[in-house]
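Listed below, chain by chain, are the residues.
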Protein chains: 2
Amino acid sequence: MSIQRVPADLAIIAVTGPDACVQPALVSEPIDEVSAAGLAQVFKALGDPVRLRLVSLIGARQGGEVCVCDLTSAFDLSQPTISHHLKVLREAGLIESERRGTWVYYRLVPAALDRIAGLLSVPVG
Amino acid sequence: MSIQRVPADLAIIAVTGPDACVQPALVSEPIDEVSAAGLAQVFKALGDPVRLRLVSLIGARQGGEVCVCDLTSAFDLSQPTISHHLKVLREAGLIESERRGTWVYYRLVPAALDRIAGLLSVPVG
DNA sequence: AACCTTCATAGACAGTCATCGATGCAGGGA
DNA sequence: TCCCTGCATCGATGACTGTCTATGAAGGTT
């Protein structure tokens, strides 16, 4: 298993600019349809209580990595369901995975979260 | 029509703390299920290309207010569909509306966007 | 090789959502 | 009063999604 498999999110990063610090805020100028579609995918990934808790669990973990087995045991859901949610987050570019032996570890992609946060910041003007 | 009708979002603000500046980041500690459900509603509202463009159009408008008629004409969608999306954003607490004469004007709720942005910021630690 | 554990994938199904046309309601003008 | 405009609501429908069970694939152990 590769650490990062085809993040569909990168296309959006290219559209809005490679440097997250200079990209325009969402509300500074109207975004085009392509950017909106890509961005919506990321927000949609965060638009589920289970996935939000997954992100939170991963991010809050000391060391930044969490084994899937720990995530599965934290919910009252089946293992395939958790695996499905992790896949959604992965394809949104918000998390990435790495296999070490029998276990698969997930960690956040801070740049992705920061990019979203930057987009939402409303300029004082 | 009232300017702000029952923002379901306020409950979440109460949960995560009234001051957006001191609320813990999403990834600093695991969030509880109630907070996750409320937060997910906001992200879900942003998880649609049309609604993202609506937020962008409203926020980018000089003066901060946009008439619904201008929003409707910006999309290749029916007026009821746009009205539906505006309702979703309104119930998420992201925008608010005001009727003046025949027209209804929408504007952003910057505090709501800033709160989301703050939650997504990943601490350097 | 045989088996176990961990995780992902496939397929099915019920619930939700985005969209539409039709309709209702509020405000303004003739 | 009557009608027109702007916007919201209703009901229907096709598409998508979250969840499950069953199964497959990868890795480790004996």
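See the structure shown above.
Residues numbered from 1 in each chain as written. Chains lettered and ligands numbered in written order. Predicted model: local features only at pLDDT ≥ 70, side-chain atom pairs only at ≥ 80, totals over all residues.

Asker: Honestly, the environment of S56(A) in this entry has me stumped. Any pointers?
Answerer: Residue placement: S56(A) occurs in helix α3 (residues 49-60). Judged by C-beta crowding, with 24 C-beta atoms within 10 Å, S56(A) ranks as buried. Spatially, the C-alpha atom of S56(A) lies 14 Å from that of C67(A), the residues being eleven residues apart in sequence. S56(A) has contacts with L26(B), V27(B), P30(B) and I31(B), leaving out every residue within four places of it along the chain. (Helix = DSSP H or I, 4+ residues; strand = E, 2+ residues; numbered from the N terminus. Buried ≥ 20, exposed ≤ 12 C-beta atoms within 10 Å, placed from the backbone. Contact = placed C-beta atoms within 7 Å.)

Asker: Can you walk me through the protein's contact with DNA strand D in this structure?
Answerer: Inspection of the region around DNA strand D gives 24 residues, with P80(A), T81(A), C69(B), P80(B) and S83(B) positioned closest. Breaking the surface near DNA strand D down by element, the ones donating at least two residues are α5 (79-91) of chain A together with α4 (68-73), α5 (79-91) and β3 (103-108) of chain B. Considering every element that reaches the surface near DNA strand D, the biggest residue donor is α5(B), with six residues. Class assignment of the residues belonging to the surface near DNA strand D gives a composition of eleven nonpolar, eleven polar and two charged. (Near = placed C-beta within 6 Å. Nonpolar A, V, L, I, M, F, W, Y, C, P; charged D, E, K, R; others polar.)

Asker: Before we go on, may I ask you to explain the protein's contact with DNA strand C in this structure?
Answerer: In the vicinity of DNA strand C, 24 residues are found, and the nearest of them are C69(A), P80(A), S83(A), S78(B) and P80(B). Elements that contribute at least two residues to the surface near DNA strand C include exactly α4 (68-73), α5 and β3 (103-108) of chain A together with α5 of chain B. Ranked by residue count, the leading element in the surface near DNA strand C is α5(A), at six residues. Grouping the amino acids of the surface near DNA strand C by side-chain chemistry returns eleven nonpolar, eleven polar and two charged.

All we've got here are geometric facts, nothing functional implied.
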